[in-house]
Amino acid sequence: MDAQAPSSRFPWAFLLWLFVLSVPFWWLGAIAGDRLQGKLPVDLPVSALMAVNPLLTALILTYRESGASGVKRLLRRVTDYRRIERKRWYIPMFGLLPTIYVVAYALMRLSRAPLPADPQVPLWLAPIFFALFFVAAIGEEVGWQGYVIERLPVRWSALGAAAFLGVVWAVWHIVPDLQAHRPWSWIAWQRLYSVGLRILIVWLFNNTGKSVFAVIVFHALDGVSFSLFPNNGSHYEPFFICFVTVFTVGVIVFLWGARTLADYRFARPRESAH
């Protein structure tokens, strides 16, 4: 945890502000969602625009705690790539989530799950999707990782903090899921995936010098992978994504440990995270 963060107090204010600020987006999704559905650049409900709220919440609370200087420090975390001293972490940062999606697609084919006979994967759209989701990920990760994760109780393990944050993150997304007319089975697997994804995010965060930039890129690539899943995400099946992700999380917890998610058990002493 950040030594400067007030970790003795649970960040109830962040959770309260986050959900209060989300109500107008849920209301907009309820009254205009069907009319606007499909007019956004990606296939997401209108209420998904609430992605800006973790950032807004963090800015409000940071200003109250440390004024304009604190806000500036927080916003600089968007480009804190210099924290990534071990450059090998760029490999999972850019490659892990696309690999998870490819493996999930392979499992769907092996299990004869419904898939298009002529899968369309418009890779030329990837840079456009990345730009869109990078902006959305700034809205989320400056709040989740730049602010609130450092303010969870220090007695919690990294895995415990990540799992708690993942559950909150999952619950926060249920209203947009319902407004997108997702079945409950889809929502259940997708939100379990959210918990696993947050654990992966915290693992990457703790191994890249707590770089918010790293997790923004990582988060954005989840959106890109979803949008490129055949065809335009229409055959995305969260059960398979969740299965591969939970397996990946299990491997990571075994190798890096639940306490910090950063103590690689086979590292040489000089390469230890500490």
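Cut-offs and rules
Residue positions are given per chain, counted from 1 along the sequence in the order it is written. Predicted model: local features are reported for residues with pLDDT of at least 70 only, side-chain atom pairs are reported and counted for 80 or more only, and whole-chain, interface and lining totals are derived from all residues. Only hydrogens and water are set aside when side-chain values are computed; all heavy atoms of the structure are taken into account. Two aromatic rings, drawn from Phe, Tyr or Trp (for Trp, its six-membered ring), form a pair once their centres lie within 6.5 Å of each other, and the interplanar angle then sorts them: stacked below 30 degrees, edge-to-face above 60, tilted otherwise. Secondary structure elements follow DSSP: runs of H or I of four or more residues count as helices, runs of E of two or more count as strands, with numbering from the N terminus. Burial status follows relative accessibility: with a 1.4 Å probe on protein chains alone, a residue under 20% of its type maximum counts as buried, one over 50% as exposed, and anything between as partly exposed. The criterion for a charge sitting over a ring is simple: Lys NZ or Arg CZ within 6 Å of the ring centre, and within 35 degrees of the ring normal. Here the nonpolar core consists of buried residues drawn from Ala, Val, Leu, Ile, Met, Phe, Trp, Tyr and Cys, with membership extended through side-chain atoms lying within 4.5 Å. Throughout, a residue-residue contact means that at least one pair of heavy atoms, one from each residue, lies within 4.5 Å. Exposure above 30% relative accessible area and the lack of any salt bridge qualify a residue for a patch; like charges then connect within 9 Å, and the nonpolar side chains Val, Leu, Ile, Met, Phe, Trp and Tyr within 5 Å. Reported accessibility uses the Shrake-Rupley method at a 1.4 Å probe radius. Residues are deemed covered only where the shown protein chains occlude them. The salt bridge criterion pairs a side-chain nitrogen of Lys or Arg with a carboxyl oxygen of Asp or Glu, the two atoms within 4 Å. Angular values range over 0 to 180 degrees, each being the angle between N-to-C directions of two axes fitted as lines to C-alpha atoms, with helices fitted over their stretch in contact. Take the far helix as the reference: if the near one is turned anticlockwise from it by less than a right angle, the crossing is left-handed, and if turned clockwise, right-handed. Under the convention adopted here, Pro, Cys and the residues Ala, Val, Leu, Ile, Met, Phe, Trp and Tyr are nonpolar, Asp, Glu, Lys and Arg are charged, and Gly plus all remaining residues are polar.

## Some thoughts on the packing of aromatic side chains
(1) Moving on: One pass over the full model with this rule turns up 25 aromatic pairs.
(2) Moving on: Taking the centre distance of 5.5 Å and the plane angle of 75° together, the rings of Phe 10 and Phe 164 count as edge-to-face. Of the two residues, Phe 10 sits in the segment before α1 (12-36) while Phe 164 sits in helix α5 (residues 158-172), which places them 154 residues apart along the sequence.
(3) Moving on: What makes Phe 10 partly exposed here is its relative accessible area of 21%.
(4) Moving on: By relative accessible area, Phe 164 is classed as partly exposed at 24%.
(5) Moving on: On the basis of an interplanar angle of 70° and a centroid distance of 5.3 Å, the ring pair of Trp 156 and Phe 164 is categorised as edge-to-face.
(6) Moving on: Each member of the aromatic cluster is reached from another via a ring pair, and the members are Tyr 101, Tyr 105, Trp 186, Phe 226, Phe 229 and Tyr 236.
(7) Moving on: Stacked on the ring of Tyr 147, the Lys or Arg Arg 151 has its end atom at 3.8 Å from the ring centre.

## Looking at the nonpolar core
(1) Moving on: In terms of nonpolar packing, the biggest core is built from 77 residues, with Phe 14, Trp 144, Tyr 193, Trp 203, Leu 204, Phe 218 and Tyr 236 touching the most fellow members.
(2) Moving on: Every element with two or more residues in this core is listed here: α1, α2 (53-76), α3 (90-110), α4 (126-144), α5, α7 (184-207), α8 (212-228) and α9 (238-256).
(3) Moving on: Once you skip the residues sitting within four places of it in the chain, Phe 218 turns out to touch Pro 92, Met 93, Leu 96, Leu 97, Leu 197, Leu 200, Ile 201 and Leu 204.

## Notes on a nonpolar patch on the surface
(1) Moving on: Together, Trp 189, Leu 192, Phe 239, Phe 243 and Val 246 make up a nonpolar patch on the protein surface, roughly 450 Å² of accessible area in all.
(2) Moving on: Broken down by secondary-structure element, the contributors of at least two residues to the nonpolar patch are α7 and α9.
(3) Moving on: Of all the elements, α9 adds the most residues to the nonpolar patch, at three residues.
(4) Moving on: Position of Phe 239 among the secondary structure elements: in helix α9.

## With respect to unusual backbone geometry
With glycine set apart, most residues show a phi of negative sign, and most peptide bonds adopt trans.
(1) Moving on: Phi at Arg 112 is positive, roughly 60°, even though this residue is not glycine.
(2) Moving on: Structurally, the position occupied by Arg 112 is in the loop between α3 and α4.
(3) Moving on: Classification of Arg 112 by relative accessible area gives exposed; the value is 78%.
(4) Moving on: Phi angles above zero are rare outside glycine, and Leu 261 is one such case at about 55°.
(5) Moving on: Structurally, the position occupied by Leu 261 is in the segment after α9.
(6) Moving on: The class of Leu 261 is buried, set by a relative accessible area of 0%.

## A look at the environment of Leu 97
(1) Moving on: Here Leu 97 lies in helix α3.
(2) Moving on: Considered as a pair, Leu 97 and Gly 223 are 126 residues apart in the sequence and their alpha carbons are 9.7 Å apart.

## Some remarks on the packing of α2 against α4
(1) Moving on: Taken N-terminus to C-terminus, the directions of α2 and α4 make an angle of 65°; their axes are 9 Å apart at the nearest point. The way α2 lies across α4 gives a crossing that is left-handed. On the side of α2, the interface is formed by Pro 54, Leu 55, Ala 58 and Leu 74, while α4 contributes Ile 138, Gly 139, Glu 140, Val 142, Gly 143 and Trp 144.
(2) Moving on: Looking at the contact of α2 with α4, its residues break down into seven nonpolar, two polar and one charged.

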